[in-house]
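# Coordinate inspection notes
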Amino acid sequence: MVTALRAARLRGAPLILIAYLSAFPGCAEKERPPAPVMSPPRVFVVAPVLNLSGSQDFDALKVTDLVASEFLEFPNVTVVPVNLTLAELARRGKQAVETPADAVELARVLGADATIVTAVTEYSPYAPPVIGLIMQWYASSPAAIGATGEPAVSEATTVLSDETRLAPRWQVQRVYNAADEQVLEQIRSFADAREGHESPYGWRRYVRSQELYVRYATWAMIRTMLKLDKNEDTAHEPSETKS
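Residues numbered from 1 in each chain as written. Predicted model: local features only at pLDDT ≥ 70, side-chain atom pairs only at ≥ 80, totals over all residues. Heavy atoms only, no water.

### Digging into the overall build of the protein chain
Using the following cut-off: The helix count covers DSSP runs of H or I at least four residues long, the strand count covers runs of E at least two residues long, and both are numbered beginning at the N terminus. Think of it in three bands: with a 1.4 Å probe and only protein chains considered, a residue is buried below 20% of the maximum accessible area for its type, exposed above 50%, and partly exposed in between. Any two residues whose heavy atoms approach within 4.5 Å are treated as being in contact. Each accessible area is a Shrake-Rupley result for a 1.4 Å probe, and residues are judged covered by the shown protein chains and nothing else.
Regarding its fold elements, the protein chain presents seven helices and seven strands. Tracing the protein chain from N to C terminus, the helices and strands come up as α-β-β-α-β-α-α-β-β-β-α-α-α-β. In the protein chain, buried positions account for 40% of the 243 residues. For the protein chain, the share of sequence-separated contacts (at least 6 apart) that also reach a separation of at least 24 residues comes to 67%. Per element, the accessible surface of the protein chain, about 14000 Å² overall, is 54% carbon and sulfur.

### Quick look at the packing of helix H5 (residues 181-195) against helix H7 (residues 210-229)
Stated formally: Fitted lines through C-alpha atoms give the axes, limited to the stretch in contact for helices. The angle between two N-to-C directions lies from 0 to 180 degrees. For classification purposes, an angle smaller than 35 degrees is called roughly parallel, one larger than 145 roughly antiparallel, one from 65 to 115 roughly perpendicular, and anything else oblique. Classes in brief: Ala, Val, Leu, Ile, Met, Phe, Trp, Tyr, Cys and Pro nonpolar; Asp, Glu, Lys and Arg charged; the others, Gly included, polar.
Their axes nearest at 11 Å, the elements H5 and H7 cross at an angle of 95°. When the interaxial angle is binned, H5 and H7 end up roughly perpendicular. Mapping the contact onto sequence places Val-183, Gln-186, Ile-187, Phe-190 and Arg-194 in H5 and Tyr-213, Arg-215, Tyr-216 and Trp-219 in H7. Looking at side-chain class alone, the contact of H5 with H7 contains six nonpolar, one polar and two charged residues.

### What to know about the environment of Arg-188
In plain terms, the rule: Pairs of N or O atoms are called polar contacts if they sit within 3.5 Å, as long as, within protein, a hydrogen donor faces a hydrogen acceptor (for residues adjacent in sequence, only side-chain-to-side-chain pairs).
Locating Arg-188 in the fold gives a position in helix H5. For Arg-188, a relative accessible area of 22% corresponds to the partly exposed category. Looking at Arg-188, its side chain comes within polar contact range of the side chain of Glu-185, at 2.4 Å.

### Focus on the side chain of Glu-88
You can see Glu-88 is positioned in helix H3 (residues 82-91). Once residues lying within four places of it in the same chain are set aside, the contact partners of Glu-88 are Leu-106, Val-109 and Leu-110.

### Topic: unusual backbone geometry
The linkage connecting Ala-127 with the following residue, Pro-128, adopts the cis geometry, with an omega of -10°. Unlike most non-glycine residues, Asn-76 shows phi in positive territory, near 60°. Inspection of the secondary structure puts Asn-76 in the loop between helix H2 (60-71) and strand S3 (77-79). Owing to a relative accessible area of 33%, Asn-76 belongs among the partly exposed residues under this scheme.

### Here we look at the pattern of salt bridges
Just so we agree on the cut-off: For this document, the term salt bridge refers to a Lys or Arg side-chain nitrogen within 4 Å of an Asp or Glu carboxyl oxygen.
Across all of its chains, the model carries 14 salt bridges by this definition. The partner of Glu-70 in a salt bridge is Arg-194, and the shortest N-O contact between them spans 2.5 Å. Of this pair, Glu-70 sits in helix H2 while Arg-194 sits in helix H5, placing them 124 residues apart in sequence. Between Asp-102 and Lys-94 there is a salt bridge whose closest N-O contact spans 2.6 Å. For Asp-102, a relative accessible area of 18% gives the class buried. Lys-94 sits in the partly exposed class, given a relative accessible area of 22%. Salt bridges sharing common partners tie together Lys-62, Glu-70, Glu-73, Arg-194, Glu-211 and Arg-215.

In short, the description is geometric, and any link to function would need to be established separately.
As structure tokens, this is what we get:
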């Protein structure tokens, strides 16, 4: 009788074990969700910044480095080293991108998705600081302007010659004036996200430092362009034009 009971218990053991493992799914293998597919990073060429402001109070190549640096603050974005861009331009006998065709070809040769052309249109480092910027995105596979030959952006805001009949995919433009309360509010949020209030000046160091102020302005321009490229309708500033 004892032997028969023991055999019955052993026969029931697998059922008990299955019930136990079902109650604790972590103890048994379970299906893992598929790993998310990461899209390849977008690669940008940052062309030397153009000075259309008439001011000599800033170094255009330094601003170029700042634009490239701020692109890297965004996820899934990479930038061709600025020195490689300058070397390729020098090989062509140029110091800057002069036409839309230059921008498109530069992106193609350097294996990038687009060339970013930035121009400073207004600049004053004195309190309250002011900087005006135009930023254009020239895709390596651009679209032609169209049969009329009209530029995609107004003549007043076109940075490069339109003689090649190529239009920027995106263009954003804005003047950032630190006397504007809305700009100050945006700078405060930007500073908090970057480093909080570690400086004795707190968020106001981004207004007192020319470099930090330029960083904020270029970051805001880049953010808007990337939002536009994702077809997000939430990009209300800076003012923007789609080609």
